[in-house]
Amino acid sequence: MGKFDAVIIGAGAAGMFCAAMAGQAGSRVLLIDNGKKPGRKILMSGGGRCNFTNLYIEPAAYLSQNPHFCKSALARYTQWDFIDMVSKHGIAWHEKTLGQLFCDDSAQQIVDMLVAECEKGQVITRLRSEVLGIERDENGYAIQLNGDTVQAAKLVIATGGLSMPGLGATPFGYKIAEQFGLKVLPTRAGLVPFTLHKPLLEQLQVLSGVSVPSVITAENGVSFRESLLFTHRGLSGPAVLQLSSYWQPGEFVSVNLLPDTDLDELLNEQRNAHPNQSLKNTLGMVLPKRLVECLQQLGQIPDVTLKQLNTRQQSELTDTLQNWRVQPNGTEGYRTAEVTLGGVDTKELSSRTMEARNVPGLYFIGEVMDVSGWLGGYNFQWAWSSAWACAQDLAGE
Ligand code: FAD
């Protein structure tokens, strides 16, 4: 039976980073994953370029029942610390938009960096491994694997959430939490496209692929200003993904398709200059033509010239374009979600070490717990920061 100071289950972002940091601090670490390669989500992330952190990391960008929980770890291992590591490995990166940092080249570089850091920490990695059972006794944890049983003083669960089952996601972490009596908050898909009810979906089919800058607002008042993308299933794009984490089934969302335009001013100016110009052509100056045509066919944009447009029509038009109320049918679910909301209740964990308060030596890091970030590198930063906090404790620092 192999004996380790720490066994870490899940060789994703949090698990690999924690293993590397604890190993380099002197712990004898075993890292286990059910997949045939480590960091599978990292490889898929950011369109293959991995949006590995964000310049503007702040606790307000995280959803959790306890909004204060993430503060300590984010402050102790920051985006600047991770950027420093990426740069030391000679990985070139750039800011795409809104502080989002991507590799210039490939997400593989981040996985290679983590593998190299694990090697530096003499971490032993076992891939394609199923954990069949875990028991705790006075020596720590006995982890039964397919083949043998390993013993560790400390056990770290880094098995992530439920999103993208095709990439190895399992409810393993939640089951272990429950086995040891920790509360798990209900989970649901986050950062996920909306689906639409049939009549509306069919009406908007022709818009599939059209993207517009927008401000989209949830019923609780949270709003995001980013682009919205019409898809053949419903609505997507960064604005929608962000908002989906704040949306509850049955609620409406309100969309401003012209966040940068004073519509009344535009219409009044154009009417003075070109009274015979069609409303459709005027709106085509500020909106994609396909969108204007579709809305006209649906009767949402009257087929009139500017001088024919009456006050009531103008105010209805402003409402349609700047306060379009949509009731999503649902979301695309875990199949395409970037994160899982909910998970191991942070009340059960120390925000300084990620250790379970009532189960000595048992830790949860990364997405498995009830901390989820916005789109844009926030989730990886949580993986790095929570992993680092845990690694310090594993190594007794
Ligand atoms: P994961 O990275 O999911 O790692 C969990 C690991 O545990 C996996 O390797 C899995 O195989 C393993 N595992 C699961 N169950 C078991 C088991 N029973 N036994 C053994 N091993 C198990 N976030 C960003 O910040 N920026 C991005 O650009 C970004 N892009 C994304 C793109 C996609 C397509 C997806 C799905 C997510 C993206 N995210 C992004 C979110 C980010 O990937 C996750 O928040 C992050 O990977 C969470 O890290 P983690 O280590 O907690 O979990």
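Residues numbered from 1 in each chain as written. Predicted model: local features only at pLDDT ≥ 70, side-chain atom pairs only at ≥ 80, totals over all residues. Heavy atoms only, no water.

## Some words on the domain arrangement of the chain
This is how the line gets drawn: Each domain's extent was defined by an automatic or database domain assignment. Between two residues, a contact is recorded if the distance between any of their heavy atoms is within 4.5 Å. The buried area of a pairing is the accessible area, by a 1.4 Å probe, that goes missing from both parts when the two are put together, added over both.
Each domain of the chain was delimited in the assignment, giving domain 1 (2–188 + 339–394) and domain 2 (193–331). Computed from C-alpha atoms alone, the centre-to-centre distance between domain 1 and domain 2 is 40 Å. At the junction of the two partners, domain 1 supplies six residues and domain 2 supplies ten residues. Taken together, both faces of the contact between domain 1 and domain 2 bury some 720 Å²; the carbon and sulfur share is 53%. If you sort the residues of domain 1 by the area they bury against domain 2, Arg188, Trp374 and Leu375 come out on top, with a joint share of 63%.

## Concerning the UniProt feature "domain: RsdA/BaiN/AoA(So)-like Rossmann fold-like" (unreviewed entry) in the chain
The condition that has to hold: UniProt positions are given in the numbering used here, feature names are shortened, and annotations may be inferred rather than shown by experiment. Numbering of helices and strands runs from the N terminus; a helix is a DSSP stretch of H or I covering at least four residues, while a strand is a stretch of E covering at least two.
Under the UniProt annotation, the feature "domain: RsdA/BaiN/AoA(So)-like Rossmann fold-like" (unreviewed entry) is placed at residues 5–392. Span residues 5–392 is 31% helix and 24% strand, its end C-alpha atoms 13 Å apart.

## Notes on the packing of helix α1 (residues 13–24) against helix α13 (residues 378–394)
Quick reminder of the rule: The convention used is that axes are lines fitted to C-alpha atoms, helices contributing only their stretch in contact, and that angles between N-to-C directions extend from 0 to 180 degrees. In a left-handed crossing the near helix is turned counterclockwise from the far helix by less than a right angle, and in a right-handed crossing that turn is clockwise. Charged residues are taken to be Asp, Glu, Lys and Arg, nonpolar residues to be Ala, Val, Leu, Ile, Met, Phe, Trp, Tyr, Cys and Pro, and polar residues to be all remaining types, Gly included.
Put simply, α1 and α13 touch, their axes get as near as 8 Å, and they point 35° apart. Between α1 and α13 the crossing geometry is right-handed. Two secondary-structure elements touch here, α1 through Ala13, Ala14, Phe17, Cys18, Met21 and Ala22 and α13 through Phe380, Ala383, Trp384, Ala387, Trp388, Cys390, Ala391 and Leu394. Class assignment of the residues belonging to the contact of α1 with α13 gives a composition of 14 nonpolar, no polar and no charged.

## Comments concerning the UniProt feature "domain: RsdA/BaiN/AoA(So)-like insert" (unreviewed entry) in the chain
Per the UniProt record, "domain: RsdA/BaiN/AoA(So)-like insert" (unreviewed entry) is annotated on residues 188–339. Structurally, residues 188–339 comprises 34% helix and 22% strand, and the distance from its first C-alpha atom to its last is 9 Å.

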